[in-house]
Amino acid sequence: MEFGEVLTAMVTPFNENKEVDYEQAIKLARYLIDNGSDGLLVLGTTGEVPTLSQQEKLNLLEIIIDEVGEETTVIAGTGCYSTAKSIEFTNKAERIGVDGVMLVTPYYNKPPQAGLENHFKAVAQATKLPVILYNVPSRTGRNIEPATVAKLAEIDNIVAVKEASGSVEQAAKIRALTDDSFMIYSGDDGLTLPILSIGGTGVISVASHLAGNEIKEMITAYKEGKVELAARKNAKLNELFEAVFMTTNPIPVKKALNLTGPTVGGLRAPLIELPSDLERKLKEVLVNYKLL
């Protein structure tokens, strides 16, 4: 299974009443696939998934699949802290017709490595869909160690990991322990090029909302052996990568989209709007990149 090189972790648009704006979600999805994204990751961290009801999640998946499912890869974030609930929602997403699922490390309850292995294995065995593991210890409180990833990679439909530990060394260890067909995606825009250098596939990106074509060009240059060109393109993008993570994601990227289009509305509590001092810095970056 190939998902592509640039997968955008899509924000969830809200209207002025903080209800999911499905019409804007369709417009955003089309914009992204027309501007460098090989696929969409719906219901991830960037999509404010903890604040969405299950019905909102299902509705969002249905409308995205109906509108763009034949044009692009659609992956659903279906994991949570509960194995049973992760299986239940994965099965619902499978019936809707998604191309794959991404399973976040169970958060808050901090299972040991054997518990993580059992969790991911149970969900994978309950679906025919390809599975991406999502390792983001800064949010979940638990790291999926490379040896655990390697064991899970032996399961036929566990095909990739979104590695967002911030450690290129960890990604390199995963590469050393897994078959070349197992895909490693950077979960940090700024580490995409280093992770490509150790045998990574691409990125599950936030910045691709704003610079999808440029990120795609950087990855293409690297894979064509134009390493110096890729390095220059990466360096040029660095300020933008830093800007979209200047505070908690997706606060900055939603503000950037509302300034540059397509508009996506506000944020649901407990997230807050970007403070004025950071908004000024963000606007400066957007102007520098000729996005504003």
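Everything numeric here is computed off the predicted structure, so don't read it as measured data. (Residues numbered from 1 in each chain as written. Predicted model: local features only at pLDDT ≥ 70, side-chain atom pairs only at ≥ 80, totals over all residues. Heavy atoms only, no water.)

A. Fine view of the pairing of strand β7 (residues 183-186). Burial of the side chains of β7 extends over both faces: M183 and Y185 are buried on one face and I184 and S186 on the other. Strand direction decides the pairing type here: strand β6 (residues 158-163) and β7, joined by four bridges, are parallel. If you follow K162 over to β7, its bridge partner there is Y185. Note on the crossover from β6 through helix α7 (residues 168-177) to β7: the handedness is right-handed. Summarising the sheet, β7 and strand β8 (residues 202-205) pair through two bridges and their orientation is parallel. Within β8, the position partnered with S186 by the bridge is V203. (Buried < 20%, exposed > 50% of the residue type's maximum accessible area, 1.4 Å probe, protein only. Helix = DSSP H or I, 4+ residues; strand = E, 2+ residues; numbered from the N terminus. Pairing = 2+ DSSP bridges. Right-handed = clockwise from strand over helix to strand, strands pointing away.)

B. Up close: helix α1 (residues 22-33). Counted at 1.5 Å a residue, the expected span for α1 with its twelve residues is 16 Å, and the 17 Å between its end C-alpha atoms agrees. Turning to α1, its buried residues are Q24, A25, I26, L28, A29, L32 and I33. In this structure, the buried residues of α1 make contact with β1 (6-9), β2 (39-42), α2 (54-68) and α9 (208-223). The distance from a side-chain oxygen at the start of α1 to the backbone nitrogen of E23 is 3.4 Å, and the residue carrying that oxygen is D21. (Expected span 1.5 Å × (residues − 1). Contact = heavy atoms within 4.5 Å. Polar contact = N/O pair within 3.5 Å; in protein donor to acceptor, adjacent residues only side chain to side chain.)

C. Local environment of the UniProt feature "binding site: pyruvate" (unreviewed entry) in the protein. Following the UniProt record, the feature "binding site: pyruvate" (unreviewed entry) maps to T46 and I204 here. On the basis of their most widely separated C-alpha atoms, the annotated residues across 159 residues gather in one place, lying no more than 10.6 Å apart. Residue T46 is classed as buried on the basis of its relative accessible area of 3%. Among all residues touching T46, those that are not within four sequence positions of it are A9, M10, V11, T12, V206, H209, N249, P250 and V253. Here I204 falls in the buried class, since its relative accessible area comes to 3%. Setting aside residues no more than four positions away along its own chain, I204 makes contact with L7, A9, L41, M102, K162, Y185, S186 and G187. (UniProt positions renumbered as here; feature names shortened; annotations may be inferred.)

D. Fine view of the nonpolar core. With 78 residues, the main nonpolar core has L40, L61 and I64 as its most contacted residues. At seven residues, the largest contribution of residues to this core is made by α2. Ignoring any residue separated from it by four or fewer positions in sequence, one finds L40 in contact with T8, M10, A29, L32, I33, I64, V68, T72, T73, V74 and I75. Core analysis: the next-biggest nonpolar cluster, separate from the first, contains 16 residues, F3, A9, M102 and Y185 among them. (Core = buried A, V, L, I, M, F, W, Y, C linked by side-chain atoms within 4.5 Å.)

E. Spatial organisation of the packing of aromatic side chains. The full count for this structure, using the stated rule, is one aromatic pair. With a centroid separation of 5.4 Å and 80 degrees between ring planes, the pair formed by Y81 and Y107 is classed as edge-to-face. Of this pair, Y81 sits in the loop between β3 (73-77) and α3 (83-96) while Y107 sits in the loop between β4 (100-104) and α4 (113-125), and the two are 26 residues apart along the sequence. Directly above the aromatic system of F89 lies the positively charged group of K57, at a separation of 5.5 Å from the ring centroid. (Phe/Tyr/Trp six-rings, centres within 6.5 Å; stacked < 30°, edge-to-face > 60°. Lys NZ or Arg CZ within 6 Å of the ring centre and 35° of its normal.)

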